[in-house]
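Examining the three-dimensional arrangement
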Amino acid sequence: KQEVTQIPAALSVPEGENLVLNCSFTDSAIYNLQWFRQDPGKGLTSLLLIQSSQREQTSGRLNASLDKSSGRSTLYIAASQPGDSATYLCAVDYSNYQLIWGAGTKLIIKP
Amino acid sequence: DAGVIQSPRHEVTEMGQEVTLRCKPISGHNSLFWYRQTMMRGLELLIYFNNNVPIDDSGMPEDRFSAKMPNASFSTLKIQPSEPRDSAVYFCASTTISGANVLTFGAGSRLTVL
């Protein structure tokens with residue numbers, strides 16, 4: 001069964017710290033992997049997409065890595081800010097449209 | 001582009017009533033998805049359209065749910081009759097199926113069935 005797990009479910013850190021969010025998946029035959037951000041009461045915003053053939057993607061203070069052999073992806077956030085507070089979801093694409101979603105990590109950055 | 005547009009943003013209705021949620025995808029996107037999000041079950045894919053044709057509706061909970069996409073710029077999700085357990089946030093998302101399927105989500109429609 002294809003499953004996606006995100007640990008921890010919640011994380012609270014002081015402003016300015018670098019942090020890592022984790023995503024693991026059971027089936028390594030992925031098409032791509034995406035990280036999303038969801039603010040309370042809002043829709044999801046795509047942050048980074050890593051193709052199956054790629055190892056990492058970077059956008060500003062965000063860096064996402066992919067290790068298919070170990071079934072893991074990490075989202076690294078540098079110099080965290082209160083505005084980074086949100087729920088971060090990982091989604092694995094196996095079949096060109098059928099995303100398998102993690103339950104998300106709720107991140108709180110304390111000023 | 002204004003992004004994926006959903007309406008209504010909030011709907012409160014009574015059990016048994018018909019509910020219609022609407023979605024306008026991003027112009028040029030050829031694939032549209034309807035998702036449901038609840039605290040208990042997270043994000044669930046309800047139905048997926050490609051070029052206005054329903055490809056996979058296996059996630060539609062039961063016959064009370066139906067979805068249509070009459071053209072490339074409009075889709076509806078209908079619940080008839082609605083039940084309290086249908087209360088959730090319903091999201092519409094669109095993309096172009098290509099090498100990089102970055103999904104763009106709408107802001108969602110929050111449905112409360114009393």
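Since the structure is predicted, the reported quantities are computational estimates derived from the model, not experimental observations.

The next subject is the sheet that holds strand E3 (residues 19–25) of chain A. All names here are of chain A. What the five strands build is an open sheet, ordered E1-E3-E8-E7-E6; its pairing is antiparallel. Strands with a single pairing partner mark the edges of an open sheet, and in this sheet they are strand E1 (4–7) and strand E6 (56–59). When the angles between neighbouring strand axes are averaged without regard to direction, this sheet yields 15°. Both E6 and strand E7 (residues 62–67) contribute to a ladder of four bridges, which runs antiparallel. Within the sheet, the bridge partner assigned to glutamine 57 lies in E7 and is alanine 64.

Right, let's talk about the interface of chain A and chain B for a bit. Facing the 19 residues of chain A at the interface are 20 residues of chain B. Contact between chain A and chain B buries roughly 1,500 Å² in total, counting both sides, with carbon and sulfur atoms accounting for 54%. The interface formed by chain A and chain B contains zero salt bridges. The tally of links between chain A and chain B comes to one residue pair in polar contact (both at pLDDT 80 or more). Within the side of chain A that touches chain B, the residues separate by chemical class into eight nonpolar, nine polar and two charged.

Definitions and cut-offs
Residues numbered from 1 in each chain as written. Chains lettered and ligands numbered in written order. Predicted model: local features only at pLDDT ≥ 70, side-chain atom pairs only at ≥ 80, totals over all residues. Heavy atoms only, no water. Pairing = 2+ DSSP bridges. Helix = DSSP H or I, 4+ residues; strand = E, 2+ residues; numbered from the N terminus. Axes fitted to C-alpha atoms, helices over the stretch in contact; angles between N-to-C directions. Contact = heavy atoms within 4.5 Å. Buried area = accessible area lost by both parts, 1.4 Å probe. Salt bridge = Lys/Arg side-chain N within 4 Å of Asp/Glu carboxyl O. Polar contact = N/O pair within 3.5 Å; in protein donor to acceptor, adjacent residues only side chain to side chain. Nonpolar A, V, L, I, M, F, W, Y, C, P; charged D, E, K, R; others polar.

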